[in-house]
Amino acid sequence: QDHEEMACAIDHITEVLKAKASAVKDSHLKFIAFVTAVDGLASTAVFGKEEPEASWAMAYSIVDMLERDARKDEVTRAMEYTMSWVAQHERYFNNDCTERYGWEGNGLYVLPTVFKDMLQRGGFNLDRVKRGFFERGWLDAVKDPSGKIEYTPSKYSPDLGRTTRAYHLQMPNNLTGT
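Within any chain, residue numbers begin from 1 and follow the written order of that chain's sequence. Under the rules for a predicted model, residues below a pLDDT of 70 receive no local features and side-chain atom pairs below 80 are neither given nor counted, while totals for whole chains, interfaces and linings still include all residues. To get the side-chain values, all heavy atoms of the structure are used, and hydrogens and water are removed first.

Peer 1: I would appreciate a short explanation of the overall build of the protein chain in the present structure.
Peer 2: Strands here are runs of E lasting at least two residues and helices are runs of H or I lasting at least four, both read from the DSSP assignment and numbered beginning at the N terminus. When its secondary structure is counted, the protein chain shows 6 helices and 7 strands. Starting at the N terminus, the α and β elements of the protein chain follow one another as α-α-α-α-β-β-α-α-β-β-β-β-β. For a compact globule the rule gives 2.2 Å times the number of residues to the power 0.38, and the radius of gyration it is set against comes from C-alpha atoms. For 178 residues, the compact-globule formula gives about 16 Å, and the C-alpha radius of gyration of the protein chain, at 24 Å, lies well above that figure. With the C-alpha coordinates aligned to their principal axes, the bounding extent of the protein chain is approximately 75 × 35 × 25 Å. The buried share of the protein chain, reckoned over its 178 residues, is 34%. For the protein chain, restricting intrachain contacts to residue pairs at least 6 apart in sequence, the fraction spanning at least 24 positions comes to 56%. Summed over its atoms, the accessible surface of the protein chain is roughly 11,100 Å², and 50% of this surface lies on carbon and sulfur atoms. Only four residue types enter the tally: Lys and Arg on the positive side, Asp and Glu on the negative side; His and the chain ends are excluded. Lysine's charge is taken at NZ, arginine's at CZ, aspartate's at CG and glutamate's at CD. With 22 positive and 27 negative side-chain charges, the protein chain shows a spacing of 9 Å between the two charge centroids. Here's how the labels work: a residue is buried when its accessible area is under 20% of the maximum for its type, exposed when over 50%, partly exposed in between, all with a 1.4 Å probe on protein chains only. Any pair of residues with heavy atoms lying within 4.5 Å of one another is described as a contacting pair. Throughout, the Shrake-Rupley method with a 1.4 Å probe supplies accessible areas, and for residues the shown protein chains are the sole cover considered.

Peer 1: Please clarify how the packing of helix α4 (residues 74–88) against helix α5 (residues 112–121) should be interpreted in this entry.
Peer 2: A packed helix pair is summarised by two numbers, namely the angle formed by the two axes and the spacing between the axes. Interaxial distance between α4 and α5 falls to 10 Å at its minimum, and their mutual angle equals 115 degrees. Both α4 and α5 take part in a crossing whose hand is right-handed. Across from Ala78, Tyr81, Thr82 and Trp85 in α4, the residues of α5 making contact are Val114, Met118, Leu119 and Arg121. A class-by-class count of the residues in the contact of α4 with α5 yields 6 nonpolar, 1 polar and 1 charged. Note on definitions: angles span 0 to 180 degrees between N-to-C directions of axes, and those axes are lines fitted to C-alpha atoms, for helices only across the stretch in contact. Two helices cross in a left-handed way if the nearer one is turned anticlockwise from the farther one by less than a right angle. They cross in a right-handed way if the turn is clockwise. The residue classification treats Ala, Val, Leu, Ile, Met, Phe, Trp, Tyr, Cys and Pro as nonpolar and Asp, Glu, Lys and Arg as charged. All others, Gly included, are polar.

Peer 1: Is there a simple way to explain the pairing of strand β5 (residues 154–157) in this structure?
Peer 2: The two faces of the sheet receive side chains in turn, since in a regular strand these alternate between them. Because side chains alternate across β5, one face comprises the buried residues Lys155 and Ser157, and the other comprises Ser154 and Tyr156, none of which is buried. At least two DSSP bridges between two strands are required for those strands to pair. In the sheet, β5 pairs with strand β6 (residues 162–165) via 4 bridges, with the strands oriented antiparallel. The partner of Ser157 across the bridge, within β6, is Arg162. In this antiparallel pair of consecutive strands, β5 and β6, the connection spans 4 residues, and Gly161 shows a positive phi of 75 degrees.

Peer 1: Mind showing me how you'd approach the packing of α5 against helix α6 (residues 126–135) here?
Peer 2: Close contact between α5 and α6 brings their axes to 10 Å; oriented N to C, the two are set at 110 degrees. One way to sum up the angle between α5 and α6 is to call them roughly perpendicular. Between α5, through Phe115, Lys116 and Leu119, and α6, the contact on the second element is made entirely by Leu126, Val129, Lys130 and Phe133. For the contact of α5 with α6, the per-class residue count stands at 5 nonpolar, no polar and 2 charged. Our angle categories are set so that under 35 degrees counts as roughly parallel, over 145 as roughly antiparallel, 65 to 115 as roughly perpendicular, and the remainder as oblique.

Peer 1: What is the right way to read the pattern of salt bridges from this model?
Peer 2: It is possible for side chains bearing opposite charge to pair when their charged atoms get close. Salt bridge, as used here, is a side-chain nitrogen of Lys or Arg placed within 4 Å of a carboxyl oxygen of Asp or Glu. If you walk through the whole model with that rule in mind, you get 8 salt bridges. A salt bridge links Lys18 to Asp26; the nearest nitrogen and oxygen atoms lie 3.9 Å apart. Relative accessible area serves as the criterion here: at 34%, Lys18 is assigned to the partly exposed category. The network of salt bridges with shared partners includes Glu15, Lys18 and Asp26.

Peer 1: Teacher, can you tell me more about α6 here?
Peer 2: Residues three or four positions apart in an α-helix share a direction because the helix packs 3.6 residues into each turn. Looking only at α6, the buried set comprises Leu126, Val129, Lys130, Gly132 and Phe133. In this structure, the buried side of α6 is in contact with α4, α5 and β7 (167–169). Distance and chemistry together define a polar contact, namely a pair of N or O atoms within 3.5 Å, with one atom able to donate a hydrogen and the other to accept it when in protein, and with adjacent residues in sequence counting only for side-chain atoms on both sides. Where α6 begins, the side chain of Asn125 points an oxygen toward the backbone nitrogen of Asp127, at a separation of 3.1 Å.

Peer 1: What's the story with the side chain of Glu74 in this structure? I'm lost.
Peer 2: Tracing the backbone through its elements, the reader meets Glu74 in helix α4. For Glu74, a relative accessible area of 6% corresponds to the buried category. Reaching out from Glu74, the side chain makes a polar contact with the backbone nitrogen of Asn125 at a distance of 3.4 Å. Those residues in contact with Glu74 that lie beyond four places of it in its chain are Phe124, Asn125 and Arg128.

Peer 1: Would you mind going over the packing of aromatic side chains with me for this structure?
Peer 2: The relative placement of two aromatic rings is captured by the distance of their centres and the angle of their planes. Centres within 6.5 Å are what make two rings of Phe, Tyr or Trp a pair, Trp counting through its six-membered ring; a difference in plane orientation under 30 degrees is then read as stacked, over 60 as edge-to-face, and the rest as tilted. Enumeration according to the criterion identifies 11 aromatic pairs in this entry. Between the aromatic rings of Trp56 and Tyr60, the centroid separation amounts to 5.7 Å while the plane-to-plane angle is 35 degrees, which identifies the pairing as tilted. Of this pair, Trp56 and Tyr60 both sit in helix α3 (residues 52–72), 4 residues apart, which is roughly one turn of the helix. For Tyr60, a relative accessible area of 29% puts it in the partly exposed group. Their ring planes at 35 degrees and their centres at 4.2 Å tell us that Phe115 and Tyr167 sit as a pair that is tilted. Separated by 52 residues along the polypeptide, Phe115 in helix α5 and Tyr167 in strand β7 bring together distant segments of the chain. Side by side, Phe115 and Tyr167 carry an identical accessibility label, which is buried. By way of ring pairs, the aromatic residues Trp85, Tyr92, Phe93 and Tyr101 are connected into one cluster.

Structure representation (structure tokens):
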């Protein structure tokens, strides 16, 4: 019976943590729930104190740390997605296609509406990804006179024969997740 009670407690803790931590894997949440349940049991059995708040605080602290790690890597996942998406839609960056997503030349130029739509379809946050790409040297930007970063400055497109706004991406040779 103690085993069943422990299993129920672990399941309950896992469900509570799941509601808080959408980016954390279920297997990790189950392990955190196990540690939380054992911590509560040890507090009671060994120290004679029932302090569930301390066990929950520990669980939430671990979950927060894992969530931060998952968000930190969002930029790498977004670049992997972008590289795959560009490879899949390569013809839309050439003169051979009437509908254009951008053009190639010293990197890749992507039209703003296309870039935004691509990242949204991939489930990424546009502002975080732009900032992360810029910080890693994957996205060019300029500062306007007030110091604000402009990610889509006007660029001349030789393919289009005119100046237009575009994101200028520098695709990395390899992704390290940093």
